[in-house]
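Take a look at the letters that make up each chain.
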Amino acid sequence: MIPEMQVRKSPLALSRQNQQKLGFMGIRLISLLTILPILGIVVYIASRGLAAINWEFLTAMPRDGMRAGGILPAIVGTFYLMIGTALFSIPLGIAAGIYLAEYASDNLWTRGIRIAIISLGGVPSVVYGLFGLGLFVLFFKFGISILSASLTLSIMTLPVIISTCEEALRSVPYSFRVVGISLGGTQWQTIRRVILPQALPGIVTGIILGLERAVGETAPILFTGATFFLPHLPSSPMDATMALPYHIYVISTQVPGMPAGIQYGTVLVLLAFVLGMNLIASLIRSRARARRQW
Amino acid sequence: MKSSERILTHAIRIAGSSSILFVLLIFVFLVREGLPALGEVSLSDLFSTRWYPIEDLYGILPLISGSLVVTLSSILFALPLGVGTAIYIGEIAPQKVKEILKPAVEIMAGIPSVVLGFIGIQALSPFLRVFLNLPTGLTALSGSILLALIAIPSIVSIAEDALYAVPGSYRDAAYALGATQWQTIWGVVLPAARSGLLTAVMLGVGRSLGETMAVMMVTGNASTLFAGLDSLIMPVRTMTATIASEMGEVASGSVHYHVLFFIGILLFIFSLIINVSSSSFQVKSKQEKGQVTS
């Protein structure tokens with residue numbers, strides 16, 4: 001009890017035990033303050049949006065300047081954008097992850113790649129939008145289209161997929177590689193047949209989390225692929241499209257007299273989309289952890 | 001090695017370096033579209049205090065001021081809440097509470113910013129307007145509260161990693177000297193984790209600075225310079241919101257278009273500095289700890 005003896009106590013000083021009680025109470029309160037708003041928001045949206053959701057809402061075109069009918073084109077558009085983003089970002093992201101985990105040596109170039117990945121992860125979403133406008137829409141002349149928006153979202157998603165893929169590969173023990181090579185496999189055969197299957201759950205989790213972010217983003221598609229209203233579904237990758245996040249922005253700020261039910265219903269659909277992906281990712285992760293034998 | 005395998009290995013190497021290419025492409029295309037602004041608007045006009053594009057007034061100082069006000073005030077909320085929650089999860093919470101809190105923070109990270117913006121319009125702004133008796137609830141304060149919700153999950157997860165990285169022997173030493181758990185957290189663990197905590201805060205700043213949709217929807221978008229604390233309860237306009245709300249309406253190649261891209265260059269450079277410098281903190285702190293423990 002030496003520290004206590006050195007402290008000259010003022011009459012107001014708390015004992016160490018009470019200090020701890022007070023401190024813990026403060027920390028618990030802070031955590032509660034952090035968590036409650038989020039749970040509150042989810043419950044609030046679910047309770048107000050559920051009433052609006054029915055079969056017609058999910059499968060019909062909007063009517064009356066979007067004030068009635070359904071939100072099918074926004075749902076389909078978000079789905080298309082997700083598929084487009086997946087097509088570009090998954091192969092590139094996995095390949096880059098394999099490179100960093102299995103091939104790259106620790107030199108200046110590799111450090112450059114890591115700094116580039118960190119930088120990509122920090123670029124503001126609206127700057128991705130500007131970049132997509134400059135490169136894909138105007139320079140490559142893809143126009144305001146699903147293609148331009150998907151390419152823009154892919155580059156935004158890439159850092160997430162690369163980092164999680166690399167991490168998943170690195171978590172496979174070194175001995176697996178030694179065994180693969182010693183059985184006469186080439187480096188690629190070892191990666192393909194031994195390492196990748198072991199790392200697969202981690203990689204899939206990373207991909208889902210990356211796509212989840214892309215699905216919810218609005219700013220990158222504002223000037224690259226999103227459109228206010230479409231009377232029909234997009235029929236080719238060169239068409240502009242409606243999308244759930246942009247649609248939420250439009251019906252909550254640009255359309256006067258919007259019925260609240262449709263607003264909350266649309267928000268709930270996007271939230272269910274995104275949180276559903278989050279749930280799948282964590283299920284895969286926890287199942288893989290439970291099964292893992294190393 | 002088979003030739004098909006050689007080709008594949010090459011492809012993986014190229015994919016590995018793609019991040020560098022994308023960072024360069026982003027920079028090149030921002031500069032290509034944004035640098036002409038410097039020829040069309042004199043520097044003194046660009047860094048002046050009135051943003052009024054209709055009258056060819058392109059002073060970006062109020063936009064920079066708006067971004068800084070909203071970002072810094074959001075960190076005032078997010079820092080104590082985020083670090084406090086990380087301390088709770090990492091040091092204090094019983095296992096069962098942890099298993100609820102961690103997914104809750106993940107859900108928080110997954111909520112799209114446009115959804116938070118919607119809640120801001122529907123619930124937060126009306127509440128602030130009545131509670132603080134303001135003419136409008138669309139203020140810098142509303143924006144900074146939403147930004148805090150967006151920054152908190154990244155602060156929590158990085159701060160938690162930082163606390164986890166503090167060697168257990170530090171804690172044991174503190175307990176052996178008779179310190180309470182609270183004294184150990186406050187006097188030993190937090191100081192030892194300070195560089196990681198700094199990284200957490202800086203990345204939080206980066207996320208807030210680059211956030212677009214939520215801010216655009218709730219801050220009222222009036223370009224005003226910071227003039228004392230009252231500015232917090234008045235409408236404000238950030239750099240990101242300016243790009244997002246005006247880019248859709250300008251003719252490509254016009255002065256206004258170039259200036260918006262110029263703002264994009266500034267955002268890109270700010271985010272680059274924040275992210276790269278905070279990641280180098282992390283590396284340094286790892287090295288320091290290595291020296292202490294070895």
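What counts, and at which threshold
The residue numbering used here restarts from 1 in each chain and proceeds along that chain's sequence as written. Chain labels run from A onward and ligand labels from 1 onward, assigned in the order the entries are written. Given that this is a predicted model, residues contribute local features only at a pLDDT of at least 70 and side-chain atom pairs are listed and counted only at 80 or more, while totals for whole chains, interfaces and linings are drawn from all residues. As a rule here, side-chain values cover all heavy atoms of the structure and leave hydrogens and water aside. For helices the rule is a DSSP run of H or I covering at least 4 residues; for strands it is a run of E covering at least 2, with both sets numbered from the N terminus onward. Residue burial is assigned from relative accessible area. The probe radius is 1.4 Å, only protein chains are included, and a residue is buried under 20% of its type maximum, exposed over 50%, and partly exposed in between. Residues count as neighbours in contact if any of their non-hydrogen atoms are within 4.5 Å of one another. Radius of gyration: over C-alpha atoms. The globule rule applied is 2.2 Å multiplied by the number of residues raised to the 0.38 power. Accessibility throughout is a Shrake-Rupley quantity obtained with a 1.4 Å probe, and a residue counts as covered only by protein chains that appear here. Charge convention: Lys and Arg are scored as positive, Asp and Glu as negative, and His as well as the terminal groups of each chain are ignored. Taken as the charge centre is NZ of Lys, CZ of Arg, CG of Asp or CD of Glu, depending on the residue. Angular values range over 0 to 180 degrees, each being the angle between N-to-C directions of two axes fitted as lines to C-alpha atoms, with helices fitted over their stretch in contact. Working definition: roughly parallel below 35 degrees, roughly antiparallel above 145 degrees, roughly perpendicular at 65 to 115 degrees, and oblique for all remaining angles. Definitions for this section: a left-handed crossing has its near helix turned counterclockwise from the far helix by less than a right angle. A right-handed crossing has that turn clockwise. A simple way to read buried area is as the amount of 1.4 Å-probe accessible surface that goes missing from two parts once joined, with both sides added. In the sections that follow, a salt bridge refers to a side-chain nitrogen of Lys or Arg positioned within 4 Å of a carboxyl oxygen of Asp or Glu. Definition of a polar contact: a pair of N or O atoms within 3.5 Å, with one able to donate and the other able to accept a hydrogen when the atoms are protein atoms, and with sequence-neighbouring residues admitted only if both atoms are side-chain atoms. Amino acids are sorted into nonpolar (Ala, Val, Leu, Ile, Met, Phe, Trp, Tyr, Cys and Pro), charged (Asp, Glu, Lys and Arg) and polar (every other residue, Gly among them). Planes of paired rings set the category: under 30 degrees apart is stacked, over 60 is edge-to-face and the rest tilted, where pairs are Phe, Tyr or Trp rings (Trp by its six-membered ring) whose centres lie within 6.5 Å. Here a patch means residues that are over 30% exposed by relative accessible area and free of salt bridges, tied together within 9 Å if like-charged and within 5 Å if nonpolar (Val, Leu, Ile, Met, Phe, Trp, Tyr).

**Concerning the overall build of chain B**
On a plain count of helices and strands, chain B comes out with 14 helices and two strands. In terms of overall dimensions, chain B has a C-alpha envelope of 70 × 70 × 35 Å along the principal axes. Within chain B, buried positions represent 53% of all 294 residues. When contacts within chain B are restricted to residue pairs at least 6 apart in sequence, long-range pairs at least 24 apart make up 73% of them.

**Examining the overall build of chain A**
Tallying secondary structure elements over chain A gives twelve helices and two strands in all. Written out in order from the N terminus, the α and β elements of chain A read α-α-α-β-β-α-α-α-α-α-α-α-α-α. The globule rule puts the C-alpha radius of gyration for 294 residues at 19 Å, and the 25 Å found for chain A is more than 25% above it. Evaluated residue by residue, chain A yields a buried proportion of 50% over its 294 residues. Counting contacts in chain A only where the partners sit at least 6 residues apart, residues at least 24 apart contribute 75% of the total. By element, 67% of the accessible surface of chain A is carried by carbon and sulfur atoms, the whole surface being about 13,700 Å². When the 21 basic and 10 acidic side-chain charges of chain A are each reduced to a single mean position, those positions are 10 Å apart.

**Some words on the packing of helix α2 (residues 16-49) of chain A against helix α12 (residues 260-291) of chain A**
The geometry of a pair of packed helices is captured by two quantities: the angle between their axes and the separation between those axes. Residues and elements named next belong to chain A. Orientation of α2 relative to α12, taken along the N-to-C sense of each, is 125°, at an axis distance of 8 Å. Compared by their axis directions, α2 and α12 come out oblique. In terms of crossing hand, the pair formed by α2 and α12 is left-handed. Across the interface between the two elements, Val 42, Tyr 44, Ile 45, Ala 46, Arg 48 and Gly 49 from α2 touch Ala 260, Tyr 264, Gly 265, Val 267, Leu 268, Leu 271 and Leu 275 from α12.

**Thoughts on the interface of chain A and chain B**
Tallying the contact residues gives 76 residues for chain A and 73 residues for chain B. In total, chain A and chain B occlude about 6,600 Å² of area from one another, counting both sides; carbon and sulfur atoms represent 78% of this. A per-residue breakdown of the area chain A buries against chain B is headed by A:Ile27, A:Ile38 and A:Leu130, which together make up 9% of the total. Among the ionic pairs, A:Arg285 bridges to B:Glu106, the shortest N-O distance being 3.3 Å. Taken together, chain A and chain B are joined by twelve residue pairs in polar contact (both at pLDDT 80 or more). In terms of residues, the side of chain A that touches chain B owes the most to one element, α2(A), which gives 19 residues. In terms of residue class, the side of chain A that touches chain B is built from 52 nonpolar, 20 polar and four charged.

**What to know about the packing of aromatic side chains**
Taken as a whole and judged by the stated rule, the model has 14 aromatic pairs over all chains. Both rings, one in A:Phe139 and one in B:Phe29, keep their centres 5.3 Å apart while their planes meet at 75°; by these two values the pair is edge-to-face. One end of the pair, A:Phe139, is in helix α6 (residues 125-139); the other, B:Phe29, is in helix α2 (residues 18-34), on a second chain. An aromatic cluster is present here, built from A:Phe131, A:Phe136, A:Phe139, A:Phe140, A:Phe142 and B:Phe29 joined pairwise through their rings.

**Here we look at the pattern of salt bridges**
Residue and element names in this part refer to chain A. Counted according to the given criterion, the structure contains ten salt bridges over all chains. Notably, a salt bridge pairs Glu 56 with Arg 63, separated by 2.8 Å at the nearest N-O pair. Connected via shared salt-bridge partners are Arg 114, Glu 166 and Arg 170.

**A few points about the environment of A:Ser252**
Position of A:Ser252 relative to the elements: it lies in helix α11 (residues 244-253). Assessed through its relative accessible area of 13%, A:Ser252 is described here as buried. On a C-alpha basis, the gap between A:Ser252 and A:Phe131 in space is 26 Å, while along the polypeptide they are 121 residues apart. Excluding residues that lie within four positions of it along the chain, A:Ser252 makes contacts with A:Gln263, B:Phe118, B:Ile121 and B:Met217.

**As for a nonpolar patch on the surface**
Residue and element names in this part refer to chain B. On the surface, a nonpolar cluster with roughly 490 Å² of combined accessible area is contributed by Leu 35, Leu 38, Leu 43, Phe 47, Leu 61 and Leu 225. Turning to its location among the elements, Leu 61 is positioned in helix α5 (residues 61-92). Judged by relative accessible area, Leu 61 falls into the partly exposed class, the value being 31%.

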